[in-house]
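# Topology and contacts: notes
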Amino acid sequence: MIQRIQTVYILIASIVIGLLFALPFAEIAANDKFYLFNIQGILYDGEVVENGLPIMLFVGIILIIHIAAIFMYKKRIRQMRLLVFAILLMLGLFGMFYFFTFYSFKGFEVSFKIAVVFPLIAIILDYLAIRNIGKDEALIRSIDRIR
């Protein structure tokens, strides 16, 4: 059923992941210059210094997986597998955040923004959705066993 609590969790997680397209991840101060790190990459005065296409692809794939998981409410096991895969991709996204932030500058300061925490929030919401999907699956199996 689409109106279950796990659908709300997945919907909120997809909204949070979708916000990554609009919000900056960090500000980097290096060599007396201020760089902005967002979905496009690392920018200096609006020009791309490091291309952020891998991060954009990761975030896009994670968002598509969440939207697909919302509409797979009849296939609970597949829905749980998709969410586990999304969690693994979000952990990889954290690695990409670290890589993009720390690999190309020497003698720098990083000021992370709130958007860096959004994948962690989505991971927690996905875990809660997986737990509730598992409870639904157990309930359905127990009802089938009685018949």
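First things first, this report covers the structure right here in the doc. (Residues numbered from 1 in each chain as written. Predicted model: local features only at pLDDT ≥ 70, side-chain atom pairs only at ≥ 80, totals over all residues. Heavy atoms only, no water.)

Okay, the pairing of strand β3 (residues 41–44) next. Here strand β2 (residues 33–38) runs beside β3; their pairing, made up of 3 bridges, is antiparallel. Bridged to leucine 36 within β3 is leucine 43. In sequence, β2 turns back onto β3 through a hairpin of 2 residues. Note: β3 against strand β4 (residues 47–51), 4 bridges, orientation antiparallel. Paired with leucine 43 across the strands is valine 48, a residue of β4. As consecutive antiparallel partners, β3 and β4 are separated by 2 residues, and within that stretch aspartate 45 has a phi angle of approximately 55 degrees, a positive value. (Pairing = 2+ DSSP bridges. Helix = DSSP H or I, 4+ residues; strand = E, 2+ residues; numbered from the N terminus.)

One pass over the structure, following the stated rule, counts 4 salt bridges. Between aspartate 136 and arginine 4 there is a salt bridge, with the nearest N and O atoms lying 3.0 Å from each other. Of this pair, aspartate 136 sits in helix α4 (residues 118–146) while arginine 4 sits in the segment before α1 (5–18), and the two are 132 residues apart along the sequence. For aspartate 136, a relative accessible area of 12% translates into the label buried. By relative accessible area, arginine 4 is classed as partly exposed at 32%. For arginine 76, the salt bridge is made with glutamate 137, and the minimal N-O distance between the two is 2.6 Å. One end of the pair, arginine 76, is in helix α3 (residues 76–102); the other, glutamate 137, is in helix α4, with 61 residues separating them in the sequence. (Salt bridge = Lys/Arg side-chain N within 4 Å of Asp/Glu carboxyl O. Buried < 20%, exposed > 50% of the residue type's maximum accessible area, 1.4 Å probe, protein only.)

Time to look at the packing of aromatic side chains. Here the structure, examined in full by the defined rule, presents 12 aromatic pairs. Ring plane angle 45 degrees and centroid distance 5.7 Å describe the contact between phenylalanine 102 and phenylalanine 108, whose orientation is recorded as tilted. On the basis of relative accessible area, phenylalanine 102 is assigned to the partly exposed category, the value being 32%. We classify phenylalanine 108 as partly exposed; its relative accessible area is 24%. Put simply, the rings of Phe25, Phe37, Phe94, Phe97, Phe99, Phe100 and Tyr103 pair up and form one aromatic cluster. Cation over ring: lysine 33 sits above tyrosine 44, and NZ or CZ is 5.2 Å from the ring centre. (Phe/Tyr/Trp six-rings, centres within 6.5 Å; stacked < 30°, edge-to-face > 60°. Lys NZ or Arg CZ within 6 Å of the ring centre and 35° of its normal.)

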